[in-house]
Amino acid sequence: MMQFMLLFSRQGKLRLQKWYVPLSDKERKKISRDLVQTILARKPKMCSFLEWRDLKIVYKRYASLYFCCAVEDQDNELITLEIIHRYVELLDKYFGSVCELDIIFNFEKAYFILDEFLLGGEAQETSKKNVLKAIEQADLLQEEAEAPRSVLEEIGLT
Amino acid sequence: MPAVSKGDGMRGLAVFISDIRNCKSKEAEIKRINKELANIRSKFKGDKALDGYSKKKYVCKLLFIFLLGHDIDFGHMEAVNLLSSNKYTEKQIGYLFISVLVNSNSDLIRLINNAIKNDLGSRNPTFMNLALHCIANVGSREMAEAFVSDIPRILVAGDTMDSVKQSAALCLLRLNRTSPDLVPMGEWTARVVHLLNDQHLGVVTAATSLITTLAQKSPDDFKTSISLAVTRLSRIVTSACIDLQDYTYYFVAAPWLSVKLLRLLQCYPPPEDAALRSRLTECLETILNKAQEPPKSKKVQHSNAKNAVLFEAISLIIHHDSEPTLLVRACNQLGQFLQHRETNLRYLALESMCTLASSEFSHEAVKTHMETVINALKTERDVSVRQRAVDLLYAMCDRSNSKQIVAEMLSYLENADYSIREEIVLKVAILAEKYAVDYTWYVDTILNLIRIAGDYVSEEVWYRVIQIVINRDDVQGYAAKTVFEALQAPACHENLVKVGGYILGEFGNLIAGDSRSSPLVQFNLLHSKFHLCSVPTRALLLSAYIKFINLFPEVKGTIQEVLRSDSQLRNADVELQQRAVEYLRLSCIASTDILATVLEEMPPFPERESSILAKLKKKKGSMNVPDIDDSRKNMNGNGHVEHNNNIEEPSEAPAQSPASVVAALIPTNRPRPTSSSPIIPSSGIMPASHPFTDLLNLNSPPATGGGSLLVDVFSDFPGQAPAPPAAAATAEVSEDNFLRFVCKNNGVLFENQLLQIGLKSEYRQNLGRMYVFYGNKTSAQFLSFTLPQLIVHAKPAEPVIEGGAQMQQIFNMECVSDFSDAPVLQIQFRYGGALQNLAVKLPIMLNKFFQPTEMTSQDFFQRWKQLGAPQQEVQKIFKSQHPMDIDVTKAKIIGFGVALLDGVDPNPTNFVGAGVIHTKSTQVGCLLRLEPNTQAQMYRLTLRTSRDSVSQRLCDLLSEQF
């Protein structure tokens with residue numbers, strides 16, 4: 001089972017964190033700090049897996065963003081690497097050639113997509129079509145609801 | 001600012017995020033955030049009721065601030081309000097906030113649970129999914145209590161939408177992880193298993209994870225999943241990749257589902273049903289075959305997904321550990337990956353091979369890759385890969401390759417990364433001890449370790465070398481000579497000074513005959529290091545000095561002079577000062593006799609688990625230490641007894657009387673013969689009229705040859721306890737591994753799919769102690785676990801062994817007279833519903849009571865002649881069953897218990913040994929000679945003892961070993 005997933009930039013800024021095990025805020029911060037440091041120190045050609053405490057860390061860099069997952073001893077590293085890739089594909093498809101800024105400004109969307117794809121640390125739906133269909137349906141729901149909103153409100157003048 | 005491509009576009013939020021990004025400094029950012037927090041707080045507190053949109057926007061801003069790493073202590077109530085909004089986006093943000101900022105505020109939990117309850121009951125699949133995601137994300141106990149009974153219902157209801165089923169399955173999985181006691185088992189479990197047959201692959205994917213978790217908890221309830229999983233897997237593996245549409249990933253059919261199914265199958269032993277089993281084997285073969293096919297795409301995603309399935313299949317093959325051909329094929333496949341250009345694959349191949357090395361079917365196949373692994377150690381650029389290579393070398397090490405592997409590890413250590421040095425040091429120390437046939441090699445290796453990586457040599461390592469040197473008199477002279485030479489180096493590590501001080505203090509006399517290492521030279525050498533050392537080392541050296549006074553009266557004056565100097569007698573450190581004062585006084589007033597008694601050579605350390613191994617286990621977690629003490633290595637002549645985790649310092653207290661030294665050493669591991677201790681009463685304690693007291697004491701008269709022992713043990717217990725159930729008596733006696741224990745004392749005695757019985761034993765003279773470990777390999781409980789009444793009498797054994805747990809039992813035994821049959825251990829327990837009966841022959845053999853005897857060539861042949869009567873000699877000529885390796889043969893003879901005598905036989909290819917069998921009443925001297933004929937692959941074994949039954953029995957036992 002995946003224990004957590006972290007997205008962070010080359011500068012070490014956390015862009016998304018998802019925890020599938022209960023940990024205190026303090027522990028989460030310490031883990032993120034440790035791991036970001038460890039991974040940023042590694043050279044590009046190194047292998048994507050490392051042992052860290054009693055967990056296996058699987059990470060991959062996409063442009064300026066690092067995607068990093070912690071899985072348990074019994075878990076499969078390669079399939080976790082492809083979980084990362086599939087998530088990137090989902091973001092890419094949804095935002096249309098995703099970049100770090102999309103994830104910063106639409107962080108809530110990044111979370112919603114992740115929840116459709118992974119739940120409780122396990123893959124819930126691995127079909128790209130099905131995940132995006134679920135997200136698009138939700139977007140439709142909200143556009144219907146948004147329609148009667150006044151123009152003033154839209155531009156933040158309320 | 002980027003255009004927000006989709007969604008509702010909360011402009012205020014986007015502006016705020018831009019502001020934060022434009023902040024030039026951390027201070028500016030904090031200022032901006034505080035301004036925003038004040039603004040939000042005033043909005044939330046304001047008189048004007050906020051509309052849903054504003055609430056959503058502000059809650060979202062709070063969430064953003066929290067994710068930046070700042071604390072948020074308000075806004076929870078507003079988020080909870082959003083949950084009951086009928087607008088989807090507001091509800092969604094509310095749920096996100098709750099999921100990310102869980103707060104155990106019980107008032108809020110009640111409100112949250114209310115909102116969830118409404119959404120779960122709404123029959124709107126989108127809302128239901130939001131609620132289920134929230135439960136899965138939070139997973140708190142309160143939520144489990146509130147919803148754990150609803151979710152199974154939703155999961156198996158016929159009219160539930162597929163996407164809701166998926167969420168419900170994983171939601172239940174999460175609750176089962178956090179509060180397993182709350183998840184009710186019931187009729188729904190059978191229906192959950194059938195989700196493996198569902199048409200929707202997404203549902204199957206989610207359900208497989210749930211079933212795997214539940215099956216780990218109660219395997220019996222989910223046994224039916226085996227056949228469904230195999231069928232499903234088989235359909236995927238053989239499908240054309242277009243069949244599965246969007247579940248095909250870069251030309252690989254449903255890789256995630258395949259991996260999960262293979263994982264589920266790892267909860268169980270190989271299927272019993274032959275058809276099913278062959279279908280599974282076919283699947284695994286197909287997966288292995290596919291690895292050899294040319295790739296369908298050049299994309300790394302294709303090969304990753306394909307290999308993910310392959311590695312999981314190999315894990316299953318290793319887990320089953322029953323199909324030699326598959327194991328060897330897996331090993332060959334991994335061997336190819338060892339040289340792959342992808343670093344990831346090399347890493348995984350090394351990792352996976354570590355587990356293959358521990359299977360007796362594939363251990364040899366793994367060993368063929370040794371050169372490649374050694375090469376990886378030298379050339380890999382990534383430390384994590386090199387670490388894996390070290391692990392694999394450790395796992396594949398056995399007596400045949402130990403010298404090379406230890407040498408390679410030592411040479412790697414010189415340049416190894418600092419982060420893994422300590423671990424390598426521990427591993428080298430363990431391997432060197434474990435596979436030492438020749439203890440001079442062991443001493444050299446440890447001294448090299450200290451020279452190369454002294455800072456990483458932990459106390460346990462140098463304690464251990466001292467324990468071993470003290471216990472083995474054949475290596476003491478060599479050790480003294482070697483440390484003396486090593487200490488000549490101008491700069492040597494403090495750990496070497498410690499070892500040197502201790503060893504010269506004990507055994508310096510063995511090299512004092514040479515004028516180059518005369519007592520005074522030894523003392524001056526040690527003392528030249530004194531001033532550079534830390535206080536504990538100096539204290540140890542002072543003790544070595546007082547030992548010198550006893551060993552070498554001629555240096556007494558010089559040493560007393562040193563002790564008397566102000567820098568000792570008035571040392572600021574209390575410990576040093578006290579030692580100096582006491583040792584000086586002792587040397588002045590005690591007579592030679594008293595001095596000799598007080599400063600006598602240290603008594604041998606009791607055998608125990610190497611403290612180094614304990615340390616490595618602690619460091620890595622015992623899961624990760626490949627157990628190299630496993631049954632396949634039956635040539636390990638000198639297995640140490642692993643039963644005590646105490647890390648014992650070689651007690652350096654020469655000033656105490658020997659008696660108190662012994663007392664200080666022993667209490668941690670000497671069995672205390674109190675009534676509560678689990679010891680079978682020996683006849684010395686119990687009146688001999690109890691028939692069962694004879695049983696494990698092996699007290700059968702030689703006339704019956706011990707043949708009635710088995711019957712004695714378990715057939716007749718006058719009034720003590722009910723006779724063993726008839727069923728138990730019919731169980732076939734397993735003696736598969738019996739002969740493996742002739743030359744070793746530890747290992748796995750018996751193993752089936754449920755139970756593993758491990759043994760550790762130690763013997764001294766006519767006494768022995770055996771530790772029997774009953775390990776439950778399943779995840780379910782064994783109930784009514786019954787051992788023979790005899791044993792129950794010895795120890796009130798727990799009737800229950802938890803899944804995955806181990807129970808230990810200790811037997812003490814005494815050899816009363818010589819014997820040939822071994823006692824049988826009868827075991828009975830309930831697993832699931834079925835009563836299991838087992839009978840295993842305990843490997844207690846006559847040769848266990850050997851004490852080795854060293855003797856000269858002349859003595860040997862004199863005694864050999866004395867035992868010349870025809871009935872005293874037994875000879876056997878037999879064909880060799882194993883490769884004729886000299887080192888292995890030597891190790892086996894030593895393991896058999898006799899001393900291996902070098903240079904006795906005029907023909908150097910022959911082996912001769914001598915020892916004495918200790919029984920309670922008598923001692924039986926024993927000489928043996930083994931003559932190998934390598935051309936004919938034959939051996940001639942001759943045994944001469946003073947008693948014909950002993951000669952015969954020993955010959956029978958030993959001749960099976962070569």
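Here the structure is a predicted model, which means the values were calculated and not measured. (Residues numbered from 1 in each chain as written. Chains lettered and ligands numbered in written order. Predicted model: local features only at pLDDT ≥ 70, side-chain atom pairs only at ≥ 80, totals over all residues. Heavy atoms only, no water.)

*Asks:* How should the interface of chain A and chain B be read in this particular structure?
*Replies:* Buried accessible area, meaning the area lost when the parts come together, often serves as the stated size of an interface. Contacts between the two partners involve 70 residues from chain A and, on the opposite side, 82 residues from chain B. Taking both sides of the interface into account, the surface hidden between chain A and chain B amounts to around 6700 Å²; carbon and sulfur atoms contribute 53%. Interface area lost by chain A to chain B is led by A:Leu78, A:Phe105 and A:Phe107, which between them contribute 10%. The interface formed by chain A and chain B includes six salt bridges. In this structure, B:Arg177 engages A:Glu122 in a salt bridge whose closest nitrogen and oxygen atoms are separated by 3.5 Å. At the junction of chain A and chain B, the tally comes to 27 residue pairs in polar contact (both at pLDDT 80 or more). Per element, the largest residue contribution to the side of chain A that touches chain B is 11 residues, and it comes from helix α2 (residues 77-95) of chain A. When the residues that make up the side of chain A that touches chain B are grouped by side-chain class, the tally is 26 nonpolar, 13 polar and 31 charged. (Contact = heavy atoms within 4.5 Å. Buried area = accessible area lost by both parts, 1.4 Å probe. Salt bridge = Lys/Arg side-chain N within 4 Å of Asp/Glu carboxyl O. Polar contact = N/O pair within 3.5 Å; in protein donor to acceptor, adjacent residues only side chain to side chain. Helix = DSSP H or I, 4+ residues; strand = E, 2+ residues; numbered from the N terminus. Nonpolar A, V, L, I, M, F, W, Y, C, P; charged D, E, K, R; others polar.)

*Asks:* What is the right way to look at helix α13 (residues 225-238) of chain B in this model?
*Replies:* Quick reminder: α-helices carry 3.6 residues per turn. Residues three or four places apart thus point the same way. Residues and elements named next belong to chain B. Relative to the 20 Å expected for 14 residues at 1.5 Å per residue, α13 spans 20 Å between its end C-alpha atoms, a close match to the ideal helical length. The element α13 is extensively covered by neighbouring structure, given that 10 of its 14 residues are classed as buried. What α13 keeps buried is the set Ser 225, Ile 226, Leu 228, Ala 229, Val 230, Arg 232, Leu 233, Ser 234, Ile 236 and Val 237. On its buried face, α13 is in contact with α11 (188-193), α12 (201-217), β2 (252-253), α14 (255-265) and α15 (274-292). (Expected span 1.5 Å × (residues − 1). Buried < 20%, exposed > 50% of the residue type's maximum accessible area, 1.4 Å probe, protein only.)

*Asks:* Would you explain the pattern of salt bridges in this entry?
*Replies:* Between side chains of opposite charge, a pair can form when the charged atoms approach closely. Residues and elements named next belong to chain B. In this structure the tally under the stated criterion is 47 salt bridges over all chains. The closest approach of N and O atoms between Lys 117 and Asp 150, which form a salt bridge, is 3.8 Å. Remark: Asp 150 occurs in helix α9 (residues 150-156) and Lys 117 occurs in helix α6 (residues 106-120); sequence separation between them is 33 residues. Given the relative accessible area of 45%, Lys 117 is considered partly exposed. Residue Glu 360 is joined to Arg 740 by a salt bridge in which the shortest nitrogen-to-oxygen separation is 3.5 Å.

*Asks:* Please explain the sheet that holds strand β8 (residues 806-814) of chain B as it appears in this structure.
*Replies:* Within a sheet, adjacent strands bond to each other through the backbone by hydrogen bonds, running parallel or antiparallel. Residues and elements named next belong to chain B. Overall, antiparallel pairing links the four strands, which are arranged β4-β5-β6-β8 in an open sheet. Strands with a single pairing partner mark the edges of an open sheet, and in this sheet they are β4 (747-751) and β8. If you compare each strand with its neighbour and ignore which way they point, the axes differ by 25° on average. Note: strand β5 (residues 755-764) against strand β6 (residues 767-776), 10 bridges, orientation antiparallel. Looking across to β6, one finds that Glu 762 is bridged to Arg 769. (Pairing = 2+ DSSP bridges. Axes fitted to C-alpha atoms, helices over the stretch in contact; angles between N-to-C directions.)

*Asks:* Quick question: what am I supposed to make of the packing of helix α2 (residues 26-45) of chain B against helix α3 (residues 52-67) of chain B here?
*Replies:* Between two packed helices, both the angle of their axes relative to each other and the distance between the axes serve to describe the pair. Residues and elements named next belong to chain B. Running from N to C, α2 and α3 cross one another at 145°; their axes reach a closest spacing of 11 Å. The handedness of the crossing between α2 and α3 comes out as left-handed. Across the interface between the two elements, Ile 33, Glu 36, Leu 37, Asn 39, Ile 40, Lys 43 and Phe 44 of α2 pack against Tyr 58, Val 59, Lys 61, Leu 62 and Ile 65 of α3. Per-class residue counts for the contact of α2 with α3 are eight nonpolar, one polar and three charged. (Left-handed = near helix turned anticlockwise from the far one by under 90°.)

*Asks:* It is not clear to me how the side chain of A:Glu125 should be interpreted in this structure. Could you clarify?
*Replies:* With respect to the helices, strands and loops of the structure, A:Glu125 is situated in the loop between β7 (122-123) and α5 (128-146). The side chain of A:Glu125 sits in the buried core without any salt bridge; A:Arg86 is the nearest counter-charge, 7.6 Å away. Of note is the side chain of A:Glu125, whose polar atom sits 3.0 Å from the backbone nitrogen of A:Ser127. At 2.9 Å, the side chain of A:Glu125 forms a polar contact with the side chain of B:Gln166. With residues near it in sequence (within four places) discarded, A:Glu125 still touches A:Glu116, A:Phe117, A:Asn130, A:Val131, B:Gln166, B:His200, B:Gly202 and B:Tyr247. (Lys, Arg positive; Asp, Glu negative; His and termini not counted.)

*Asks:* In this structure, what is going on with the packing of aromatic side chains? I would like to understand it.
*Replies:* Think of a pair of aromatic rings as described by two things: how far the centres are apart, and how the planes are tilted against each other in angle. The full count for this structure, using the stated rule, is 27 aromatic pairs over all chains. Each ring, one from B:Phe44 and one from B:Tyr58, has its centre 6.1 Å from the other, and the planes form 85°; the classification is edge-to-face. Of the two residues, B:Phe44 sits in helix α2 while B:Tyr58 sits in helix α3, which places them 14 residues apart along the sequence. Each member of the pair, B:Phe44 as well as B:Tyr58, carries the same accessibility label: buried. Following the ring pairs from residue to residue traces out a cluster consisting of A:Tyr62, A:Phe67 and A:Tyr87. (Phe/Tyr/Trp six-rings, centres within 6.5 Å; stacked < 30°, edge-to-face > 60°.)

*Asks:* Got a minute to help me understand the confidence of the model for chain B in this structure?
*Replies:* Do not read the predicted coordinates in detail wherever pLDDT is low. Residue and element names in this part refer to chain B. On average, chain B scores 81 in pLDDT, and the residues at 70 or more come to 85%. Per-element confidence in chain B is highest for α14, whose mean pLDDT is 97, and lowest for helix α35 (residues 658-665), whose mean pLDDT is 29. Here residues 622-649 scores under 50 on pLDDT; set against residues more than four positions off or in separate chains, the count is 97 contacts. This complex was scored by the predictor with a pTM of 0.67 and an ipTM of 0.92. (pLDDT = per-residue confidence, 0-100.)

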